[in-house]
Amino acid sequence: QVQLVESGGGLVQPGGSLTLSCAASGFTVDYYAIGWFRQAPGKEREGISCIRNDGNTMYKDSVKGRFAVYRDSAKNTVYLQMNSLKPEDAAVYYCAADAEPYYYCSLSKTQFEWWGQGTQVTVSS
């Protein structure tokens with residue numbers, strides 16, 4: 001059974017850092033595109049980062065240079081390191097996986113079939 005479990009969210013001051021984790025079970029993250037998305041109240045869910053099976057990554061422009069996605073194969077977990085956080089980064093963050101292995105990366109939520117339950121990130125002083 002496929003499962004994605006996010007953790008690591010919380011309250012952080014502007015300019016601070018957080019690292020989110022996405023622990024996968026039922027499949028191996030090395031072989032699938034894994035995306036990170038976020039959804040703020042009243043807004044659409046937006047894609048912010050993706051990592052492909054070959055390790056290539058992509059980012060939404062607004063997080064480039066501040067966020068980094070990487071994975072730990074031994075832990076079957078994908079991480080999102082978030083630095084220089086801004087109030088506008090506050091949202092529920094989700095990880096998602098494409099059910100098709102060895103597929104491309106995108107920031108489109110329609111690509112991804114498997115989703116975690118989300119973790120809240122609050123950026124406030």
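As a starting point, this report considers the structure included with it. (Residues numbered from 1 in each chain as written. Predicted model: local features only at pLDDT ≥ 70, side-chain atom pairs only at ≥ 80, totals over all residues. Heavy atoms only, no water.)

Examining the sheet that holds strand E1 (residues 3–7)
- What the four strands build is an open sheet, ordered E1-E3-E8-E7; its pairing is antiparallel. Single-partner strands in this sheet number two, and they are E1 and strand E7 (67–72). Between one strand and the next, the sheet's axes are offset by a mean angle of 15°, whatever the strand orientation.
- Looking at chain direction, E7 and strand E8 (residues 77–82) are connected through six bridges and run antiparallel. The partner of Phe-67 across the bridge, within E8, is Met-82. (Pairing = 2+ DSSP bridges. Helix = DSSP H or I, 4+ residues; strand = E, 2+ residues; numbered from the N terminus. Axes fitted to C-alpha atoms, helices over the stretch in contact; angles between N-to-C directions.)

Quick word on the environment of Val-29
- By the element assignment, Val-29 lies in the loop between strand E3 (18–25) and strand E4 (34–39).
- For the pair formed by Val-29 and Val-78, sequence separation is 49 residues and the distance between their alpha carbons is 7.5 Å.
- If we ignore the near neighbours within four places in the chain, the residues touching Val-29 are Ala-24, Ile-34, Arg-71, Asn-76, Thr-77 and Val-78. (Contact = heavy atoms within 4.5 Å.)

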